[in-house]
Amino acid sequence: MTNEKSEKLYEFILKEAPAMTEEWLKTRTEKGSLYSKHASEETENKLKEQNTEFIQTIAATLITGSDKVENHLKKWSVDIARDRAVHEVPLYEIIGQFKVFRHIFCSRIETFTQETELEVKLQDVCRWNQHFHSTFDDMIERLSEEYDRVTLNQLNAQREMIQELSAPVIPVSKEIGILPLIGEIDTYRAKLFWSPC
């Protein structure tokens, strides 16, 4: 995809990155978790840093190709998924933010085509849009997979803890213990009780 127009668009997006981030932050609403407009200054600074890295990573695919920045795309998606899962941000909110930022990105392509001295054709714009939409979708998919993996791990850990707490063994002697059974005995709990030591 590398050509003079793509390189100029890449430079334009990097230059516009702070303004794009500010525009995105202004879309925050009263409600929400991490994305609330009333989030702390520390949270806002973290969002700015993460968003700047996102812009740089996406823009870099214009000049180096997505294969070359594959590791950066993956690392960013995994880091964000883990951070959002730890903060219990619902997945629909995360994907909603991608939707908002996708519009901001597309508007910058439009601005670039109007301001550049280069001759930008319709096929250039279509190619850039297709490229960015594909990259956004790839990042959403990666992030969703990691988010799902992290939340499942958290749920399994919580489930195991609850199961352990709901079946405490009270030792009576070296070979004998009392196991008070509280609640419903499902297959999972039954396996815990009667598994060989």
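Thresholds applied
- Residues numbered from 1 in each chain as written.
- Predicted model: local features only at pLDDT ≥ 70, side-chain atom pairs only at ≥ 80, totals over all residues.
- Heavy atoms only, no water.
- Helix = DSSP H or I, 4+ residues; strand = E, 2+ residues; numbered from the N terminus.
- Buried < 20%, exposed > 50% of the residue type's maximum accessible area, 1.4 Å probe, protein only.
- Contact = heavy atoms within 4.5 Å.
- Areas by Shrake-Rupley, 256 points an atom, 1.4 Å probe, with all protein chains shown as cover.
- Phe/Tyr/Trp six-rings, centres within 6.5 Å; stacked < 30°, edge-to-face > 60°.
- Core = buried A, V, L, I, M, F, W, Y, C linked by side-chain atoms within 4.5 Å.
- Polar contact = N/O pair within 3.5 Å; in protein donor to acceptor, adjacent residues only side chain to side chain.
- Expected span 1.5 Å × (residues − 1).
- Salt bridge = Lys/Arg side-chain N within 4 Å of Asp/Glu carboxyl O.

Peer 1: So what exactly am I meant to see when it comes to the overall build of the protein chain here?
Peer 2: Within the protein chain, the secondary structure is distributed over 6 helices and 2 strands. Here the protein chain holds 197 residues, and the buried ones make up 36% of them. Sequence separation of at least 24 residues holds for 70% of the intrachain contacts in the protein chain that already meet a minimum separation of 6. As presented, the protein chain carries roughly 12500 Å² of accessible surface, and 53% of it is formed by carbon and sulfur atoms.

Peer 1: Hey, could you run me through the packing of aromatic side chains in this one?
Peer 2: The description of an aromatic ring pair rests on the distance of the ring centres and on the angle between the ring planes. Enumeration according to the criterion identifies 13 aromatic pairs in this entry. Arranged with centres 6.3 Å apart and planes meeting at 70 degrees, the rings of Trp24 and Tyr35 form a pair that is edge-to-face. Separated by 11 residues along the polypeptide, Trp24 in helix H1 (residues 4-25) and Tyr35 in the loop between H1 and helix H2 (41-64) bring together distant segments of the chain. A single burial state applies to Trp24 and to Tyr35, both of which are buried. Connected via pairs of aromatic rings, a cluster forms that spans Trp24, Tyr35, Phe54, Trp76, Phe98, Phe101, Phe105, Phe132 and Phe136.

Peer 1: What should I look at first to understand the nonpolar core in this one?
Peer 2: The nonpolar side chains of soluble globular proteins are, as a tendency, buried together. Residues Leu9, Ile13, Phe54, Phe98, Phe101, Phe105 and Phe132 are the most contacted members of the largest nonpolar core, which totals 38 residues. Taken together, the elements giving at least two residues each to this core come down to H1, H2, helix H3 (70-86), helix H4 (91-115) and helix H5 (122-166). Tallying contributions element by element places H5 first for this core, with 8 residues. With sequence-adjacent residues up to four places away left out, Phe132 is seen in contact with Leu9, Ile13, Ile58, Leu62, Phe105 and Ile109.

Peer 1: How should the side chain of Arg28 be read in this particular structure?
Peer 2: Along the chain, the position of Arg28 falls in the loop between H1 and H2. A distance of 3.0 Å separates a polar side-chain atom of Arg28 from the backbone oxygen of Leu25. The contacts of Arg28, once residues within four sequence positions are left out, are Tyr35, Ser36, Lys37, Ala39, Glu44 and Leu47.

Peer 1: Quick question: what am I supposed to make of the environment of Ile104 here?
Peer 2: Following the sequence through the fold, Ile104 ends up in helix H4. For the pair formed by Ile104 and Glu23, sequence separation is 81 residues and the distance between their alpha carbons is 7.7 Å. Ignoring any residue separated from it by four or fewer positions in sequence, one finds Ile104 in contact with Met20, Glu23 and Trp24.

Peer 1: Any chance you could explain H4 here in plain terms?
Peer 2: Each α-helix winds once per 3.6 residues, and so residues spaced three or four apart point in a common direction. End to end, H4 covers 36 Å across 25 residues, agreeing with the expected 36 Å (1.5 Å per residue, within 8%). Listed as buried for H4 are Glu93, Ile94, Gln97, Phe98, Phe101, Arg102, Ile104, Phe105, Arg108, Ile109 and Phe112.

Peer 1: In this structure, what is going on with the environment of Leu25? I would like to understand it.
Peer 2: Here Leu25 is to be found in helix H1. Between the C-alpha atom of Leu25 and that of Leu47, which follows or precedes it by 22 residues, the distance is 8.5 Å. Every residue in contact with Leu25, bar those within four places of it in the chain, is listed here: Glu44, Leu47 and Lys48.

Peer 1: Would you explain H2 in this entry?
Peer 2: The end-to-end C-alpha separation of H2 is 34 Å, in line with the 34 Å expected for 24 residues at 1.5 Å each. Restricting attention to buried positions, one finds in H2 the residues Thr43, Leu47, Gln50, Asn51, Phe54, Ile55, Thr57, Ile58, Ala59, Ala60, Thr61 and Leu62.

Peer 1: Looking at this model, I keep getting lost on the pattern of salt bridges. Mind explaining?
Peer 2: Pairing between side chains becomes possible if they bear opposite charge and their charged atoms approach one another. If you walk through the whole model with that rule in mind, you get 16 salt bridges. Among the ionic pairs, Glu16 bridges to Arg108, the shortest N-O distance being 2.9 Å. Of this pair, Glu16 sits in helix H1 while Arg108 sits in helix H4; the two residues are 92 residues apart in sequence, bridging distant segments of the chain. With respect to burial, Glu16 and Arg108 carry one shared label: buried. Linking Glu22 and Lys48 is a salt bridge whose minimum nitrogen-to-oxygen distance equals 3.3 Å. Placement of the pair is Glu22 in helix H1 and Lys48 in helix H2, with a sequence separation of 26 residues. The class for Glu22 is partly exposed, based on a relative accessible area of 34%.

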